[in-house]
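Given next are the chains, with one letter for each unit.
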Amino acid sequence: MRRFTFSKGHGTRNDFIIIDDQHGMHDLGPDVISAICDRRSGIGADGVLRVVRAQHVPEWTGDPDLWFMDYRNADGSIAEMCGNGLRVFARHLVNEQWVPTGDFTVATRAGLRRVLVARGGLISTSLGAVTISDEPVEVTHFGRRWPATAVDVGNPHAVVFVDDDTRSGLDLTKAPSWEPAQRFPHGTNIEFVSVREPGVLDMRVYERGSGETESCGTGVVASAAAHRAASGHTGPVVVHVRGGELTVEFDGREAWLTGPAVVFARGEFWWL
Ligand SMILES: N[C@@H](CCC[C@H](N)C(=O)O)C(=O)O
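Residues numbered from 1 in each chain as written. Predicted model: local features only at pLDDT ≥ 70, side-chain atom pairs only at ≥ 80, totals over all residues.

Engineer: Hey, could you run me through the overall build of the chain in this one?
Structural biologist: The secondary structure content of the chain amounts to four helices and 19 strands. In terms of overall dimensions, the chain is globule-like: its C-alpha atoms have a radius of gyration of 18 Å, near the 19 Å expected for 272 residues. In terms of overall dimensions, the chain has C-alpha extents of about 50 × 40 × 30 Å along its principal axes. In the chain, which comprises 272 residues, the share counted as buried stands at 42%. For the chain, the share of sequence-separated contacts (at least 6 apart) that also reach a separation of at least 24 residues comes to 65%. (Helix = DSSP H or I, 4+ residues; strand = E, 2+ residues; numbered from the N terminus. Rg over C-alpha atoms; globule rule 2.2 N^0.38 Å. Buried ≥ 20, exposed ≤ 12 C-beta atoms within 10 Å, placed from the backbone. Contact = placed C-beta atoms within 7 Å.)

Here you go:
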């Protein structure tokens, strides 16, 4: 029997199981991840953050001493990036005193990401360069069809603009799909966004590998980028999600995401 310690945290109610694995000793397969993320028979979470030194990540070729965020979706699939997860990861590193409060860099599958942790308050993270595609894509759901904007934030997104009633009335217990199917060969996250006023959005999200979640940091950034491109708005964008509120600012093509992150519990689980 293998024994693991874990912490639990969330960023705007996008929740994560955090597993410390400084020396890269834990081989967490999809079966372990999906079992612990189950909200009835496991601990329950939208995803897992494995905290490991970059030198123990075979595909990492950069600075070996950085902390690497090994993110997995609730179904055990691997994703390149997680915006809310990155803030929770940073909060955990600071709480454990593995890095000092302030400005530091985290290694991720999407590359290096800068983090700014203010004393006691919000956390800002760079999510790197955001790319908007002009290739047409449509999202379909329960017989309805909308044009979407494909946005890359390190991970893939399809952003759909809808009116407020459509967004709040959607049944996201079932996955939407997209056409052409080959546009996202590895799947995508899908955001349904309505515009309150320029720079203020409401968003719901169906996440690849996790289903509907109460927030998605990269989805918020993708929505803000698509909104800027569609409207010409240039200032910060505030995005309201089911779990709270996040702010996106752009420095050229580089996006910065700011919001809360808390780590609130610690425990143990066993795996045969
Ligand atoms: N919740 C995350 C995104 C997690 C990864 C996503 N489901 C994917 O598969 O790309 C966020 O806060 O960005």
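Engineer: How do you make sense of the UniProt feature "binding site: substrate" (unreviewed entry) in the chain when you look at a structure like this?
Structural biologist: When the UniProt feature table is mapped onto this chain numbering, "binding site: substrate" (unreviewed entry) sits at Asn14, Asn73, Gly83, Asn84, Asn155, Asn189, Glu207, Arg208, Gly217 and Thr218. The buried category is assigned to Gly83, around which 27 C-beta atoms lie within 10 Å. Each residue touching Gly83, except ones within four places of it in the same chain, is listed here: Thr125, Leu127, Gly217, Thr218, Val220, Val221 and Leu257. Of note, Asn84 is situated in helix α2 (residues 83–95). For Asn84, a count of 34 C-beta atoms within 10 Å gives the class buried. The residues touching Asn84, leaving out its near neighbours within four places in the chain, are Gly11, Thr12, Asn14, Ser215, Cys216 and Gly217. (UniProt positions renumbered as here; feature names shortened; annotations may be inferred.)

Engineer: Can you walk me through unusual backbone geometry in this structure?
Structural biologist: Peptide bonds are trans in most cases, and residues, glycine excluded, mostly fall at negative phi. With an omega of 0°, the peptide bond running from Glu179 to Pro180 counts as cis. Looking at where Pro180 falls in the secondary structure, it is placed in the loop between β12 (177–179) and β13 (189–197). Positioned with a positive phi, Gln97 is a non-glycine residue whose angle comes to about 60°. Taking the number of C-beta atoms within 10 Å as the measure of exposure, Gln97 has 8 and is therefore exposed. If you check the backbone angles, Phe142 has positive phi at about 50° while not being a glycine. Mapped onto the elements of the fold, Phe142 is located in the loop between β9 (137–141) and β10 (144–152).

Engineer: What exactly am I supposed to notice about the site of the ligand here?
Structural biologist: Around the ligand, the structure places 18 residues, and the nearest of them are Ala79, Asn84, Asn155, Gly217 and Thr218. Mapped by element, the contributors of at least two residues to the shell around the ligand are α2 and α4 (217–231). Per-element tally for the shell around the ligand: the top contributor is α2, with three residues. Residues belonging to the shell around the ligand are distributed by class as follows: three nonpolar, 13 polar and two charged. When residues are assigned to domains, the shell around the ligand turns out to be shared by domain 1 (2–128 + 259–271) and domain 2 (131–254), each giving three or more. (Near = placed C-beta within 6 Å. Nonpolar A, V, L, I, M, F, W, Y, C, P; charged D, E, K, R; others polar. Domains from an automatic or database assignment.)

Engineer: I would appreciate a short explanation of the domain arrangement of the chain in the present structure.
Structural biologist: The domain architecture assigned to the chain consists of domain 1 (2–128 + 259–271) and domain 2 (131–254). Of note, the centres of domain 1 and domain 2, computed from C-alpha atoms alone, are 23 Å apart. At the junction of the two partners, domain 1 supplies 22 residues and domain 2 supplies 21 residues. Counting only elements with at least two residues in the side of domain 1 that touches domain 2, the list comes to α2 and β7 (123–129). Take the side of domain 1 that touches domain 2: its biggest share by element is three residues, from β7.

Engineer: Explain helix α1 (residues 30–37) here, please?
Structural biologist: Given 3.6 residues per helical turn, the α-helix brings residues three or four places apart onto the same face. Of all the residues in α1, the buried ones are Val32, Ile33, Ile36 and Cys37. With its buried residues spanning 120° around the axis, α1 presents them on a single face. Contacts made by the buried residues of α1 are with β2 (14–20), β3 (47–53), β4 (67–73) and β19 (262–271). (Arc of directions from axis to C-beta.)

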